[in-house]
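# Coordinate inspection notes
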Amino acid sequence: MSKTVADIMVPAPIVCEVPGTRNDAINMMVRNKLTGLPVVRSSDGMLVGIVSRRDIFRKFEEDQLSLIMKKEIKTITPDATIEEVAEIFYTMRIHRLPVVEDGKLVGIVTPTDLLKIISGMKTTLTAEDAINTTCVTAYQDEPLTYTIPAMRISDVTALPVLDEHGDLVGIITDRDLFDDQVKDADAMKLLGITDDSDLAGYRNVLPLFYAATDRYLQDDRKVKDFMVTKPMTVFKKTTLTDVAKLMLNHDFGQLPVHGTKDELVGMIYDVDVLKALLK
């Protein structure tokens, strides 16, 4: 019997409530190392929206959660098939799907839940078959004053970095923009972060705070000062099964794809890998 959403979903997911504030959501994400949350109505627990850290920093001037969250959201029922879920993630390029029953939130499913299935199956589809977006790159010597707006406009959290010869020399993600040995007391105060013991969760939101408030646009730091050098990559003929394993083992949401001459072919994202489950 084919698996259903009920078999893979996370039951009773962590939520935030309306009425509520931006900082309520940020604190919940920080404490639980999450990048997004379903939003329910405090009076009856009904699902009314979903909010991600990127939603918050796109509307950083707003304080009320009801004005920040996405209200028109896609949901799914517990008896839906794995293939149906994969189709939604692959075509809509979203990263969390609330599971509802009679209007009530009963669980949540993410691409990671499906990568676990793909990592254990056999498929002839490769990374080359699944690349689904135009690849936006960064140049190692360009200033962050250019790169951060480019990431924001392109709505990506990671960019492969090229040198003057067009060779892949690194990757930069929004998390790389924050030195994990430093905490910004002013940022924590403005964001209302009350638990400063959880550095991992804090790193999920501070880079986007910097981007939203142009903190990184005030000096001449360059991409090469923050990028991860010699990034892990996959060959264009790597099977989606092996791509899924790498993403799971290293907690990656994306990987650069290279060709026969080590040239950059593109980027493959977790939602692209779900093509392995499509009919």
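Cut-off values and rules
- Residues numbered from 1 in each chain as written.
- Predicted model: local features only at pLDDT ≥ 70, side-chain atom pairs only at ≥ 80, totals over all residues.
- Heavy atoms only, no water.
- Helix = DSSP H or I, 4+ residues; strand = E, 2+ residues; numbered from the N terminus.
- Buried < 20%, exposed > 50% of the residue type's maximum accessible area, 1.4 Å probe, protein only.
- Contact = heavy atoms within 4.5 Å.
- Areas by Shrake-Rupley, 256 points an atom, 1.4 Å probe, with all protein chains shown as cover.
- Axes fitted to C-alpha atoms, helices over the stretch in contact; angles between N-to-C directions.
- Parallel < 35°, antiparallel > 145°, perpendicular 65-115°, else oblique.
- Left-handed = near helix turned anticlockwise from the far one by under 90°.
- Nonpolar A, V, L, I, M, F, W, Y, C, P; charged D, E, K, R; others polar.
- Salt bridge = Lys/Arg side-chain N within 4 Å of Asp/Glu carboxyl O.
- Polar contact = N/O pair within 3.5 Å; in protein donor to acceptor, adjacent residues only side chain to side chain.
- Core = buried A, V, L, I, M, F, W, Y, C linked by side-chain atoms within 4.5 Å.
- Pairing = 2+ DSSP bridges.

### Concerning the overall build of the protein
- Secondary structure assignment for the protein yields 12 helices and 13 strands.
- Split into buried and exposed, the 279 residues of the protein put 47% on the buried side.
- By sequence separation, contacts in the protein at least 24 residues apart represent 63% of the contacts at least 6 residues apart.
- Only carbon and sulfur atoms are counted for the fraction: they give 50% of the accessible area of the protein, which is about 13,700 Å².

### Comments concerning the packing of helix α6 (residues 111–118) against helix α11 (residues 240–250)
- Interhelical geometry of α6 versus α11 gives an angle of 130° and a closest axis separation of 8 Å. As judged from the angle between their axes, α6 and α11 are oblique. Note that α6 runs across α11; the crossing there is left-handed. Across the interface between the two elements, T112, L115, K116 and I118 from α6 touch L240, T241, A244, M247 and L248 from α11.
- In terms of residue class, the contact of α6 with α11 is made up of six nonpolar, two polar and one charged.

### So, the pattern of salt bridges
- Counted by the stated rule, this structure contains six salt bridges.
- The salt bridge partner of K237 is E128, with a shortest N-O separation of 2.7 Å. In this pair, K237 is assigned in the loop between β11 (234–235) and α11 and E128 in helix α7 (residues 127–130), connecting sequence segments 109 residues apart.
- Residue classification places E128 among the partly exposed positions, given a relative accessible area of 34%.
- Residue K224 is joined to D141 by a salt bridge in which the shortest nitrogen-to-oxygen separation is 2.7 Å. Of this pair, K224 sits in the loop between α10 (199–212) and β10 (228–229) while D141 sits in the loop between β7 (138–139) and α8 (144–154), placing them 83 residues apart in sequence.
- Residues joined in a network through salt bridges with shared partners are E128, K236 and K237.

### Examining the environment of K224
- Residue class for K224 comes out partly exposed when judged on its relative accessible area of 41%.
- In this structure, the C-alpha to C-alpha distance between K224 and V169, residues 55 residues apart in sequence, is 9.1 Å.
- Among the polar contacts made by the side chain of K224, one reaches the side chain of D141 at a distance of 2.7 Å.

### A short note on the nonpolar core
- Core analysis: the biggest nonpolar cluster contains 46 residues, and L114, I268 and V273 have the highest contact counts within it.
- With five residues, helix α5 (residues 82–92) is the single largest residue contributor to this core.
- Here V273 is in contact with L115, I118, L240, V243, A244, M247 and I268, once residues within four sequence places are set aside.
- With 13 residues, the next largest nonpolar core counts C16, V18, L37 and V51 among its residues.

### Focus on the sheet that holds β11
- Reading across the sheet, the three strands line up as β11-β12-β13 and stay open at both edges, with mixed pairing between neighbours. On the outer flanks of this sheet lie β11 and β13 (264–269), each paired with one strand and no other.
- Of the pairings in the sheet, the one linking β11 to strand β12 (residues 254–258) comprises two bridges and is parallel in character. By the bridge assignment, F235 is partnered in β12 with H258.

### Observations concerning unusual backbone geometry
- Here the amide bond leading from V18 into P19 is cis, since omega sits at 5°, within 30 degrees of zero.
- Checked against the element boundaries, P19 lands in the loop between β2 (16–18) and α2 (22–32).
- We note that R93 has phi near 55°; this positive angle belongs to a residue other than glycine.
- Structurally, R93 can be placed in the loop between α5 and β5 (97–101).
- Look at D262: it is not a glycine, yet its phi comes out positive at around 65°.
- Locating D262 in the fold gives a position in the loop between β12 and β13.

### Things to note about the pairing of β5
- With four of its five residues buried, β5 lies for the most part within the structure.
- Direction of pairing for β5 relative to strand β6 (residues 104–109): antiparallel, over a ladder of five bridges. Each bridged residue has a counterpart across the sheet, and for E101 the counterpart in β6 is K104.
- What sits between β5 and β6 in their antiparallel hairpin is a turn of two residues, with D102 showing a positive phi close to 55°.

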